[in-house]
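An overview of the molecular structure
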Amino acid sequence: MIDLSKAFDYLNHELLIVKMSAYGFSRPALKLIYSYLHVRQHRVKINGALSTLNDTSLGVPQGSVLGPLLFNIFINGFDEIALKFATMQMIPLSLRMVQICA
């Protein structure tokens with residue numbers, strides 16, 4: 001099982017736009033999504049004190065309606081990639097196990 005608890009925070013905007021383009025999203029839609037994600041800022045409030053504004057170049061806005069949708073578009077197909085990677089990694093491991101056990 002893959003832990004996706006912090007994955008929303010690390011979504012790469014450019015890769016998402018490329019993937020959405022490959023799915024056939026129109027240029028105006030891609031520009032709108034890019035402007036929604038790009039050049040965002042955040043800060044935190046602790047004990048009444050606000051931090052300085054920091055630029056955010058990764059992730060989707062938490063608590064938004066679009067965030068989960070964009071994340072699902074981004075990870076769509078990753079199961080196939082993960083399966084291929086796992087299969088490629090298991091073959092050498094199996095061969096090493098045979099050599100160790102022999």
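Preceding this section is the structure that the text describes.
Quick summary incoming for the structure in this document. What you see is a predicted model, and the numbers here were worked out from it, not measured in a lab. (Residues numbered from 1 in each chain as written. Predicted model: local features only at pLDDT ≥ 70, side-chain atom pairs only at ≥ 80, totals over all residues. Heavy atoms only, no water.)

1. Concerning the overall build of the protein
The condition that has to hold: Counting from the N terminus, the helices are the DSSP runs of H or I reaching at least four residues and the strands are the DSSP runs of E reaching at least two. Exposed residues in this analysis have more than 50% of their type's maximum accessible area, buried residues have under 20%, and partly exposed residues fall in between, with area computed by a 1.4 Å probe over protein chains only. Whether two residues are in contact is decided by their heavy atoms, any of which lying within 4.5 Å being enough. Exposure was quantified through the Shrake-Rupley algorithm and a 1.4 Å probe, taking into account, for residues, occlusion by the shown protein chains and nothing else.
Along the backbone of the protein there are 4 helices and 4 strands. Per-residue burial for the protein yields a buried fraction of 19% across its 102 residues. Put simply, of all contacts in the protein between residues at least 6 apart along the chain, 61% involve residues at least 24 apart. In the form shown here, the protein has an accessible surface area of approximately 8100 Å², with 65% of it arising from carbon and sulfur atoms.

2. Topic: unusual backbone geometry
Excluding glycine, residues mostly have negative phi values, and the peptide bonds linking residues are mostly trans. One non-glycine residue with positive phi stands out, namely Val39, at about 55°. Tracing the sequence through the fold places Val39 in the loop between helix 2 (27–37) and strand 1 (40–42).

3. Quick word on the environment of Val60
Looking at where Val60 falls in the secondary structure, it is placed in the loop between strand 4 (54–56) and helix 3 (66–75). Accessibility expressed as a relative area gives 5% for Val60, which makes it buried. Through-space distance from the C-alpha of Val60 to that of Ala7 is 9.4 Å; in sequence the pair is 53 residues apart. In contact with Val60, not counting residues within four places along its chain, are Phe8, Leu11, Leu37, Gly67 and Leu70.

Any link to function would need more than the numbers given here.
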